[in-house]
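Analysis of the macromolecular model
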Amino acid sequence: MDLDTVRTFVAAADAGRFQEAAAQLAVTQQAVSKRIAALERTLGVRLFTRTPRGAELTIDGQAFLPHARELLRVAERAVASVHTGRRPLRVDVIASRGAASGLMRGFHEAHPEIDLDVLMLLDIETAVAAIRSGTIDASFRAVAMPGRPFPEDIESVRVLDEPLQLLTGPAHALAGARSVTVAQLAGHRIWMPGIVPGSEWAAYYDDLVAEFGLTIEATGPNFGSDALLDTIADTPALATFMGEHTRHVWPAAHGLRRIPVTDPQPVYPHSLVWHRDNPHPALATLRTYLAAAAAGHDTAGTWTPGWVLQH
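Note that the structure is a prediction, hence the values are computed from the model and not measured. (Residues numbered from 1 in each chain as written. Predicted model: local features only at pLDDT ≥ 70, side-chain atom pairs only at ≥ 80, totals over all residues. Heavy atoms only, no water.)

Remarks on the overall build of the protein
- Of the regular secondary structure elements, the protein holds 10 helices and 13 strands.
- Its C-alpha atoms put the protein at 75 × 45 × 35 Å along the principal axes.
- Across the 311 residues in the protein, those meeting the buried criterion constitute 44%.
- For the protein, contacts bridging at least 24 residues in sequence account for 75% of all contacts bridging at least 6. (Helix = DSSP H or I, 4+ residues; strand = E, 2+ residues; numbered from the N terminus. Buried < 20%, exposed > 50% of the residue type's maximum accessible area, 1.4 Å probe, protein only. Contact = heavy atoms within 4.5 Å.)

So this is what it looks like as structure tokens:
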């Protein structure tokens, strides 16, 4: 099967118009039509129906589309298998100040000879799609969300359990505590405007609320971490959660307190996620480094949601 015809079919299916697909592929509309016709002859079915709005997939076209995408992914991985050593290892760390970023900084210090591209992809589905297409080599994620298991070709290993801490302003009722139990947090407003509904973080905090009866508010616009820190510093009624390894700097006048949470200690599970057929030689080096740096998981006195896979 000619991969150019498959690539043209996918482009036309995504664009909904042969003319737009031609522009994306830098060929003529006539060339697109010829390639689609050739693919239809090879398959023995019609893939598109022409409409006033453009071109719509037939039932056979809809059935073929996911397989066509997979054919292109396999072809990309085949090419990457002989070129991966010449390009940087591409790793998604989600956010620049989080624990995953710290892990990659440590890896870079340990292996300065390995070229790195560090990306930040917030959405888990975007990250998984990028892993499967070969756009990135790995991502740090919580594994896995309820009802949304990873595809079978995605591998993962748990690399870090990050304790949550309570962050308060100086006038908060718990600001003077050396540590707080989860039970002591009941009735206090924990403000986390960055939680995105449907995300892995939302699933984690939904379970934390259900398990311990906490009050977590995600209301209001998310103006970023600086605005969050300003609000927590100025509002005695609000606190927030922050990962132990999350790096933030704030003015000394804020008087913010990071307070350990205990009995049990909620920990956020970070896993490295990659495609099982990824051939990049530096990926194995990264996995070895993380395995050596990782501490134990599910230690006594800690809590994670029941849906977190054990590795």
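So that's the structure; there's more coming.
Some words on the layout of surface pockets
- Here the largest pocket is characterised by a volume of approximately 1000 Å³.
- Lining the largest pocket we find 34 residues, and of these Ala95, Met192, Trp201, Thr246 and His248 sit closest to its centre.
- Of all elements in the fold, only α5 (99-110), β5 (138-141), β6 (154-168), α8 (200-212), α9 (225-234), β10 (238-243) and β12 (265-275) reach the threshold of two or more residues within the lining of the largest pocket.
- Here the lining of the largest pocket gets 4 residues from one element, more than from any other, and that element is β10.
- Taken together, the residues of the lining of the largest pocket sort by class into 19 nonpolar, 11 polar and 4 charged. (1 Å grid on protein atoms, 1.4 Å probe; cavity = no way out; pocket = protein on both sides within 12 Å on 5 of 7 lines; lining within 4 Å. Points joined across faces, edges and corners; volume = space filled by probe spheres on them. Nonpolar A, V, L, I, M, F, W, Y, C, P; charged D, E, K, R; others polar.)

Description of the side chain of Glu217
- Here Glu217 is to be found in strand β9 (residues 215-217).
- Among the polar contacts made by the side chain of Glu217, one reaches the side chain of Arg189 at a distance of 2.9 Å.
- If we skip the residues at most four places from it in the chain, Glu217 touches Arg189, Ile190, Trp191, Met192 and Pro193. (Polar contact = N/O pair within 3.5 Å; in protein donor to acceptor, adjacent residues only side chain to side chain.)

Details of the nonpolar core
- Among the nonpolar cores identified, the biggest contains 24 residues, and Leu166, Leu185, Tyr205 and Phe241 are the most heavily contacted of them.
- Contributing elements (two or more residues each) for this core: β6, α7 (182-185), α8, β10 and β11 (257-262).
- It is α8 that contributes the most residues to this core, 5 residues altogether. (Core = buried A, V, L, I, M, F, W, Y, C linked by side-chain atoms within 4.5 Å.)

Re the UniProt feature "domain: HTH lysR-type" (unreviewed entry) in the protein
- UniProt annotation of "domain: HTH lysR-type" (unreviewed entry) refers to residues 1-58 when read in the numbering used here.
- Structurally, residues 1-58 is divided into 62% helix and 14% strand, and its ends, taken at the C-alpha atoms, are 20 Å apart. (UniProt positions renumbered as here; feature names shortened; annotations may be inferred.)

Details of a nonpolar patch on the surface
- The grouping of Met1, Leu3, Leu43 and Leu71 at the surface amounts to a nonpolar patch, some 320 Å² of accessible area in total.
- Mapped onto the secondary structure, Leu3 falls in helix α1 (residues 3-15). (Patch = residues over 30% accessible without salt bridge, like charges linked within 9 Å, V, L, I, M, F, W, Y side chains within 5 Å. Areas by Shrake-Rupley, 256 points an atom, 1.4 Å probe, with all protein chains shown as cover. Salt bridge = Lys/Arg side-chain N within 4 Å of Asp/Glu carboxyl O.)

Brief notes about the packing of aromatic side chains
- Using the criterion set out here, one finds 9 aromatic pairs in the structure.
- Where Tyr204 meets Trp303, the ring centres are 5.6 Å apart and the plane angle is 65°; that geometry is what we call edge-to-face. You can see Tyr204 sitting in helix α8 and its partner Trp303 sitting in strand β13 (residues 302-303), a full 99 residues away along the chain.
- Since its relative accessible area comes to 11%, Trp303 is described here as buried.
- Ring geometry for Phe212 and Trp303: centres 5.7 Å apart, planes at 70°, overall edge-to-face. Of this pair, Phe212 sits in helix α8 while Trp303 sits in strand β13; the two residues are 91 residues apart in sequence, bridging distant segments of the chain.
- Connected via pairs of aromatic rings, a cluster forms that spans Tyr204, Tyr205, Phe212, Phe241, Tyr268 and Trp303. (Phe/Tyr/Trp six-rings, centres within 6.5 Å; stacked < 30°, edge-to-face > 60°.)

Topic: the pattern of salt bridges
- Within the structure shown, the criterion is met by 11 salt bridges.
- The closest approach of N and O atoms between Glu70 and Arg73, which form a salt bridge, is 2.9 Å. Taken together, the residues span about one helical turn, with Glu70 and Arg73 both in helix α4 (residues 59-80) at a distance of 3 residues.
- For Glu70, a relative accessible area of 23% gives the class partly exposed.
- For Asp153, the salt bridge is made with Arg132, and the minimal N-O distance between the two is 3.1 Å. With Asp153 in the loop between β5 and β6 and Arg132 in helix α6 (residues 124-133), the pair connects residues that are 21 residues apart, well separated along the chain.
- Linked through salt bridges whose partners overlap, the residues forming this network are Glu70, Arg73, Arg132 and Asp153.

A short note on the packing of α1 against helix α3 (residues 29-43)
- Where α1 contacts α3, the two axes come as close as 9 Å, and the packing angle between them is 110°. Between α1 and α3, the angle is such that the two are roughly perpendicular. Crossing geometry of α1 relative to α3 is assigned as left-handed. Between α1, through Asp4, Thr5, Val6, Thr8 and Phe9, and α3, the contact on the second element is made entirely by Val32, Arg35, Ile36 and Leu39.
- For the contact of α1 with α3, the class distribution of residues is 5 nonpolar, 2 polar and 2 charged. (Axes fitted to C-alpha atoms, helices over the stretch in contact; angles between N-to-C directions. Parallel < 35°, antiparallel > 145°, perpendicular 65-115°, else oblique. Left-handed = near helix turned anticlockwise from the far one by under 90°.)

Notes on the packing of α5 against helix α10 (residues 281-293)
- As a packed pair, α5 and α10 sit with axes 11 Å apart at the nearest point and diverge in direction by 110°. When the axes of α5 and α10 are compared, the pair comes out roughly perpendicular. The crossing of α5 and α10 is right-handed. Within the contact between the two elements, α5 uses Leu103, Met104, Gly106, Phe107 and Ala110 and α10 uses Ala282, Thr285, Leu286, Tyr289 and Leu290.

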